[in-house]
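Close look at the chain arrangement
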Amino acid sequence: AQSVTQLDSHVSVSEGTPVLLRCNYSSSYSPSLFWYVQHPNKGLQLLLKYTSAATLVKGINGFEAEFKKSETSFHLTKPSAHMSDAAEYFCVRLSGTYKYIFGTGTRLKVLA
Amino acid sequence: EPEVTQTPSHQVTQMGQEVILRCVPISNHLYFYWYRQILGQKVEFLVSFYNNEISEKSEIFDDQFSVERPDGSNFTLKIRSTKLEDSAMYFCASSEPFDNEQFFGPGTRLTVL
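The paragraphs below set out a description of the structure included in this document.

What counts and what doesn't
- Residues numbered from 1 in each chain as written.
- Chains lettered and ligands numbered in written order.
- Predicted model: local features only at pLDDT ≥ 70, side-chain atom pairs only at ≥ 80, totals over all residues.
- Heavy atoms only, no water.
- Helix = DSSP H or I, 4+ residues; strand = E, 2+ residues; numbered from the N terminus.
- Rg over C-alpha atoms; globule rule 2.2 N^0.38 Å.
- Buried < 20%, exposed > 50% of the residue type's maximum accessible area, 1.4 Å probe, protein only.
- Contact = heavy atoms within 4.5 Å.
- Buried area = accessible area lost by both parts, 1.4 Å probe.
- Salt bridge = Lys/Arg side-chain N within 4 Å of Asp/Glu carboxyl O.
- Nonpolar A, V, L, I, M, F, W, Y, C, P; charged D, E, K, R; others polar.
- Core = buried A, V, L, I, M, F, W, Y, C linked by side-chain atoms within 4.5 Å.
- Pairing = 2+ DSSP bridges.
- Axes fitted to C-alpha atoms, helices over the stretch in contact; angles between N-to-C directions.

**With respect to the overall build of chain B**
A count of helical and extended segments in chain B gives zero helices and 11 strands. Ordering the α and β elements of chain B from the N terminus gives β-β-β-β-β-β-β-β-β-β-β. What you see for chain B is a C-alpha radius of gyration of 13 Å, in line with the 13 Å of a compact globule of 113 residues. With the C-alpha coordinates aligned to their principal axes, the bounding extent of chain B is approximately 40 × 30 × 30 Å. Relative to its 113 residues, chain B shows a buried fraction of 46%.

Here you go:
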C-alpha cells in the first residue's frame, strides 16, 4: 500500500540551529510529495511540493526538501530554526488523482 | 489571500444526532475534499468531489456520510447519525483543476457525547 512514514513524532531544536524532519515514502515510482505545516488553531499550509521536476525543492520561510529516489526519502530541512517554526509538520503524498495520504506528523519544538 | 473557511470551529453533539459541517472553498476551485483526524492519529482522506459528484471515497465514508454543494459556494459534510468514534477534527480542502495542491481550512472539531 502507498504510504509515507515520518520517522520522528517530536523534534526539539535550539533557535538558530538546523532543522531536519524526516520522511520516507513507499512506492515503486516517483510520487508527488508535499510538506504541510499546521500552527495551533490554523489550517494546514503548504510549505513545498515535489512533482518530478528539480529534486531539491525550495519552499516558504526558508524550508527546503530533497527528493532522493535511491533512499525513497523526502526530508525537510531549514538551516536556522526560528521560534515561529514551532508547529506540526506533515509529509504528504498524492495517491491517484485526488487523494492525499498523510504521514503521522512531526511536532517541532524550538527552544530559546 | 483567498482561503478556505469552515464553520463551526467546534461542534458538540449527542450520539445519534445528525450534524452538518460547512466549508466555503476558494472561489475558483472546482475540486473539494474532506479529511478527518482522530485525536492522536493520522489525517485520513474521506472523500473528493467534482462536478457535483463524488470522485473518490474511502472505506470510512459509509452510508452515514454524505456531501453536497448546495448553493455554488458552500460544501457540506453531513453525518446522519453520529457515533462516539466520529469525534475528530474534520478538514475541508479545495484545489484548482489540473493542480494537485490542496488548500485546507482550519478544521471543525466534532465532539460526540
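**Some words on the interface of chain A and chain B**
The interface of chain A with chain B comprises 20 residues on the first partner and 18 residues on the second. Its largest share of buried area at the contact with chain B, chain A owes to A:Tyr98, A:Tyr100 and A:Phe102, together 38% of the area lost on that side. Notably, a salt bridge pairs B:Glu101 with A:Lys49, separated by 3.6 Å at the nearest N-O pair. Listed by contribution, the elements that provide at least two residues to the side of chain A that touches chain B are β5 (33-38), β6 (44-50), β10 (87-95) and β11 (99-102) of chain A. When grouped by side-chain class, the residues that make up the side of chain A that touches chain B number 10 nonpolar, seven polar and three charged.

**Considering the nonpolar core**
With 25 residues, the main nonpolar core has A:Trp35, A:Leu48, A:Phe74, A:Leu76 and A:Tyr89 as its most contacted residues. Not counting the four nearest positions on each side in its chain, A:Phe74 is found in contact with A:Cys23, A:Leu33, A:Phe34, A:Trp35, A:Leu48, A:Tyr50, A:Val57, A:Ala65, A:Glu66 and A:Phe67. Core analysis: the second largest hydrophobic core is formed by 23 residues, B:Val4, B:Trp34, B:Ile38 and B:Phe75 among them.

**Re the sheet that holds strand β7 (residues 65-68) of chain B**
Residue and element names in this part refer to chain B. In spatial order, the strands read β1-β3-β8-β7; together these four strands make up an open sheet with antiparallel pairing. What marks the edges here is a single partner per strand, and that holds for β1 (5-7) and β7. Sheet twist, expressed as the mean angle between neighbouring strand axes with direction ignored, is 20°. Of the pairings in the sheet, the one linking strand β3 (residues 19-24) to strand β8 (residues 75-79) comprises five bridges and is antiparallel in character. Bridge pairing in β8 places Arg-22 opposite Thr-76.

**Some details on the pairing of strand β5 (residues 43-50) of chain B**
In regular strands, side chains alternate between the two faces of the sheet. Residues and elements named next belong to chain B. Most of β5 is tucked away, with six of its eight residues classed as buried. Bridge analysis of strand β4 (residues 31-37) against β5 gives seven bridges, and the strand direction is antiparallel. In the strand pairing of β5, Gln-37 is matched with Val-43. The turn linking β4 back onto β5 is made up of five residues, and Gly-40 within it adopts a positive phi angle of 85°. The hairpin formed by β5 and strand β6 (residues 53-57) contains two residues between the paired strands, and Asn-51 there has a positive phi angle of roughly 55°.

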